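Examining the three-dimensional arrangement
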Amino acid sequence: QVQLVESGGGLVQPGGSLRLSCAASGSIFSIYAMGWYRQAPGKQRELVATITSGGSTNYADSVKGRFTISRDNTKNTVYLQMNSLKPEDTAVYYCNADLQRNIMTARHDYWGQGTQVTVSS
């Protein structure tokens, strides 16, 4: 059993900051890429940022320069520091991990339950 548990969402004013965390737990052999996705009402889920086990990052154009993704491999945790937040950043943010549960199994994508981020005055 693998669980991804997100925390850190909430309500923030435009221009404010939030930090999201996502911890993976359970039977885990190795975690490859981790990332954050978001889904706004009436829209498809979209990539926000990803990070490989080696630390290489990738960002959506809409968040470059404002968001920073990082991870602590010793804690199986990925973070998303969000600065200069805008109303259009309002969405449910989902954590994703590409991981292998044991040496005999294939890699598989796992998802967290989502955390709401609302940017409003």
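Being a predicted model, the structure only gives us computed values, none of them experimental.

Let's shift gears to the sheet that holds strand β7 (residues 67-72). Reading across from one edge, β1-β3-β8-β7 is the order of the four strands in this open sheet, with antiparallel pairing throughout. At either margin of the open sheet sits one strand with a lone partner, and together these are β1 (2-7) and β7. Going from strand to strand, the sheet's axes swing by 15° on average, the running direction of each strand aside. Strand direction decides the pairing type here: β7 and strand β8 (residues 77-82), joined by six bridges, are antiparallel. Looking at the pairing, Asp72 lines up with Thr77 of β8.

In terms of nonpolar packing, the biggest core is built from 31 residues, with Trp36, Leu80, Met82 and Tyr93 touching the most fellow members. Counting only elements with at least two residues in this core, the list comes to β1, β3 (18-26), β4 (30-39), β5 (46-51), β7, β8, β9 (91-100) and β11 (115-119). When residues of this core are assigned to their parent elements, the largest contribution, five residues, is made by β9. Apart from the residues lying within four places of it in its own chain, the contact partners of Leu80 are Leu18, Arg19, Leu20, Trp36, Val48, Ala49, Phe67, Thr68, Ile69 and Tyr93.

The subject of this paragraph is the side chain of Arg66. With respect to the helices and strands, the residue Arg66 is situated in the loop between β6 (57-59) and β7. A polar contact is formed between the side chain of Arg66 and the backbone oxygen of Ser62, at a distance of 2.9 Å. Once residues within four sequence positions are removed from consideration, Arg66 is found in contact with Gln81, Met82, Asn83, Ser84, Leu85, Lys86 and Asp89.

On to the pattern of salt bridges. Counted by the stated rule, this structure contains five salt bridges. Residue Asp89 pairs with Arg66 through a salt bridge whose shortest N-O separation is 2.8 Å. Remark: Arg66 occurs in the loop between β6 and β7 and Asp89 occurs in the loop between β8 and β9; sequence separation between them is 23 residues. Summarising the burial analysis for this pair, Asp89 and Arg66 share the class buried. Taking the shortest distance from any N to any O, the salt bridge between Arg107 and Asp98 comes out at 2.5 Å.

Taken together, the side chains of Phe29, Ile103 and Met104 define a hydrophobic patch exposed on the protein surface, amounting to about 400 Å² of accessible area. Counting through the fold element by element, Met104 comes out in the loop between β9 and β10 (108-111). Accessibility expressed as a relative area gives 73% for Met104, which makes it exposed.

Disulfides are covalent bonds that connect the sulfur atoms of two cysteines. Within this structure, the stated rule accounts for one disulfide. Two residues share a disulfide in this structure: Cys22 and Cys95, whose sulfurs sit 2.0 Å from each other. One quick way to see it: the torsion about the S-S bond of Cys22 and Cys95 is about -80°, and its sign makes the bridge left-handed. Pair noted here: Cys22 is in strand β3 and Cys95 is in strand β9, with a separation of 73 residues, a long-range link.

About the thresholds
- Counting restarts for each chain: residues are numbered from 1 in the order of the written sequence.
- Two thresholds apply to this predicted model, a pLDDT of at least 70 for residue-level local features and 80 or more for giving and counting side-chain atom pairs, whereas whole-chain, interface and lining totals are computed over all residues.
- Processing note: side-chain calculations cover all non-hydrogen atoms of the structure and skip hydrogens and water entirely.
- Strands are labelled as partners when DSSP assigns at least two bridges between them.
- For helices the rule is a DSSP run of H or I covering at least 4 residues; for strands it is a run of E covering at least 2, with both sets numbered from the N terminus onward.
- To obtain an axis, a line is fitted to C-alpha atoms, over the contacting stretch when the element is a helix, and the angle between two such axes runs from 0 to 180 degrees between their N-to-C directions.
- Residues grouped as a nonpolar core are buried Ala, Val, Leu, Ile, Met, Phe, Trp, Tyr and Cys residues, joined through side-chain atoms within 4.5 Å.
- For every residue, the accessible area (1.4 Å probe, protein chains only) is compared with the maximum for its type, and the residue is labelled buried under 20%, exposed over 50%, or partly exposed between those bounds.
- Contacts between residues were defined by any pair of non-hydrogen atoms, one from each residue, lying within 4.5 Å.
- Any pair of nitrogen or oxygen atoms within 3.5 Å is treated as a polar contact; in protein, a donor-acceptor pairing is required on top of that, and neighbouring residues in sequence qualify only through side-chain atoms on both sides.
- By definition, a salt bridge exists where a carboxyl oxygen of Asp or Glu is found within 4 Å of a side-chain nitrogen of Lys or Arg.
- Residues form patches when they are more than 30% accessible in relative terms and have no salt bridge. Like charges link within 9 Å. Nonpolar side chains (Val, Leu, Ile, Met, Phe, Trp, Tyr) link within 5 Å.
- Here the accessible surface of atoms and residues is derived via Shrake-Rupley with a 1.4 Å probe, and residues count as covered only by protein chains that are part of the display.
- Count a disulfide wherever a pair of cysteine sulfur atoms falls within 2.5 Å.

So yeah, pure geometry; function would need other evidence.
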